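Coordinates in review
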Amino acid sequence: MPLIIICGKPSVGKSFRTQQLCEYLKENHPNSKIFVAADAEDLQRNVIYADSKKELSVRGSLKSRIERELSKETIVIADSLNYIKGYRYELHCLAKYVRTTYCVIHVDGSEEEILNCNQKKVEEERYSEKIIKELIMRFEEPNAMMRWDKPFFFVHGPSDDPLPCEKICEAIFDKNIQKPNLSTQNPPMQSPDFVFQADKLLQSIAGAILAGQRTEGIGATLSLPGTQETYKIKQKISVGEMRRQRKQFLTFLRANPVSDVSLIPNNFIHFLTNITI
């Protein structure tokens, strides 16, 4: 059964729209089993999203739950930020691997609306102003032209605009299932070269950043090998600390392999950008 990705900035109404979709599915497709993969209710958002290692762990846990529940019998709805395009691509590959349908629902709103919604939350669920603004800046907009972001649906979260439930159901029930390709026929860690290729990419990026730090100051932007993404120097990272961060990220990759090694550089750059040393 389908995988539905709900993505959007924090406090924009994703869970409310997920609830609307669940109610529609229960009423119009009563025989369907529904599983909502969402962040834990006691998730310490301001702690998790301030620490890239903890955030990677939370994303990995969410992906594992999705993978565990995804089958031809269950509709899985991923209700989280899902703000990184590389992560959405990984979920897209999971859907292809189990030969099921897939769609992306982008819930959005203005920054003013998001900040207002955030203030209305109970204190335990509220984002700090610093974290919520950082997450808004980090959000990578879905692109309906990309295969991992379609079928694509948009809804304004804080408004009364109706969710296009009929069109969503048409996309997930009446469309052809996704066919697996070479990258999704087998889990990527079955490739004996995966760890070697991944570590080679990480060493190349780490070396370029260390070299750039020697000639550039805080605030400078570096171009890096293997990616069009750039790295902004927010703090100087020592050789020893860079080695530890590279090994930490490689450990995460072993437990949460990506289906395309070309996505590794972007994810590693994001990881390094958000570490606190």
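Before reading on, note that the structure itself is shown above.
Worth saying up front: this structure is predicted, and the values here are computed from it rather than measured.

Let us now look at the overall build of the protein chain. Along the backbone of the protein chain there are 10 helices and 7 strands. Against the globule reference of 19 Å for 277 residues, the protein chain gives a C-alpha radius of gyration of 19 Å, in line with a compact fold. Here the C-alpha coordinates of the protein chain stretch approximately 60 × 45 × 30 Å along the principal axes. Looking at the 277 residues of the protein chain, the share that counts as buried comes to 47%. Taking as baseline every contact in the protein chain between residues at least 6 positions apart, the subset at least 24 positions apart corresponds to 78%. Counting every atom, the protein chain has about 14300 Å² of accessible surface; 49% of that belongs to carbon and sulfur. One way to put it: in the protein chain the 38 positive side-chain charges average out to a point 8 Å from where the 35 negative ones average out.

One can find glutamate 90 in helix 4 (residues 85–97). If we ignore the near neighbours within four places in the chain, the residues touching glutamate 90 are Lys63, Pro257, Val258 and Asn267.

The residue leucine 202 is located in helix 8 (residues 194–215) in this model. Judged by relative accessible area, which is 0%, leucine 202 ranks as buried. As for leucine 202 and proline 265, which are separated by 63 residues in sequence, their C-alpha atoms are 6.9 Å apart.

To continue, consider the packing of helix 5 (residues 111–119) against helix 6 (residues 129–138). Two numbers describe how helix 5 lies on helix 6: the axes approach to 11 Å, and their chain directions differ by 145 degrees. The interaxial crossing formed by helix 5 with helix 6 has right-handed handedness. Contacts from Glu111, Ile114, Leu115 and Asn118 in helix 5 reach Ile132, Lys133 and Ile136 in helix 6. Residue classes in the contact of helix 5 with helix 6 are distributed as 4 nonpolar, 1 polar and 2 charged.

An α-helix turns once per 3.6 residues; consequently, residues spaced three or four apart project the same way. Compared with an ideal rise of 1.5 Å per residue, which puts 22 residues at 32 Å, helix 8 spans 33 Å between its outermost C-alpha atoms and is within 8% of the ideal. Turning to helix 8, its buried residues are Phe194, Ala198, Asp199, Leu202, Ile205, Ala206, Ile209, Leu210, Gly212 and Gln213. Relative to the axis of helix 8, the buried residues are bounded by an arc of 160 degrees and lie together on one face. Looking at helix 8, the residues exposed on the side facing more than 90 degrees away from the buried face are Phe196, Lys200, Arg214 and Thr215.

Another aspect to go through is unusual backbone geometry. Both trends apply: most residues other than glycine have a negative phi, and most peptide bonds are in trans. For the peptide bond that leads from lysine 150 to proline 151, omega is 0 degrees, which places it in the cis range. Assignment of secondary structure puts proline 151 in the loop between helix 6 and strand 5 (152–156). In this model, serine 11 sits at a positive phi of 55 degrees, which is unusual for a non-glycine residue. With respect to the secondary-structure elements, serine 11 resides in the loop between strand 1 (3–8) and helix 1 (14–28). A positive phi is found at arginine 99, a non-glycine position, where the angle reads about 60 degrees. When you line up the elements, arginine 99 lands in the loop between helix 4 and strand 4 (102–108). Here arginine 99 falls in the partly exposed class, since its relative accessible area comes to 41%.

Conventions adopted
- Residues numbered from 1 in each chain as written.
- Predicted model: local features only at pLDDT ≥ 70, side-chain atom pairs only at ≥ 80, totals over all residues.
- Heavy atoms only, no water.
- Helix = DSSP H or I, 4+ residues; strand = E, 2+ residues; numbered from the N terminus.
- Rg over C-alpha atoms; globule rule 2.2 N^0.38 Å.
- Buried < 20%, exposed > 50% of the residue type's maximum accessible area, 1.4 Å probe, protein only.
- Contact = heavy atoms within 4.5 Å.
- Areas by Shrake-Rupley, 256 points an atom, 1.4 Å probe, with all protein chains shown as cover.
- Lys, Arg positive; Asp, Glu negative; His and termini not counted.
- Charge placed at Lys NZ, Arg CZ, Asp CG, Glu CD.
- Axes fitted to C-alpha atoms, helices over the stretch in contact; angles between N-to-C directions.
- Left-handed = near helix turned anticlockwise from the far one by under 90°.
- Nonpolar A, V, L, I, M, F, W, Y, C, P; charged D, E, K, R; others polar.
- Expected span 1.5 Å × (residues − 1).
- Arc of directions from axis to C-beta.

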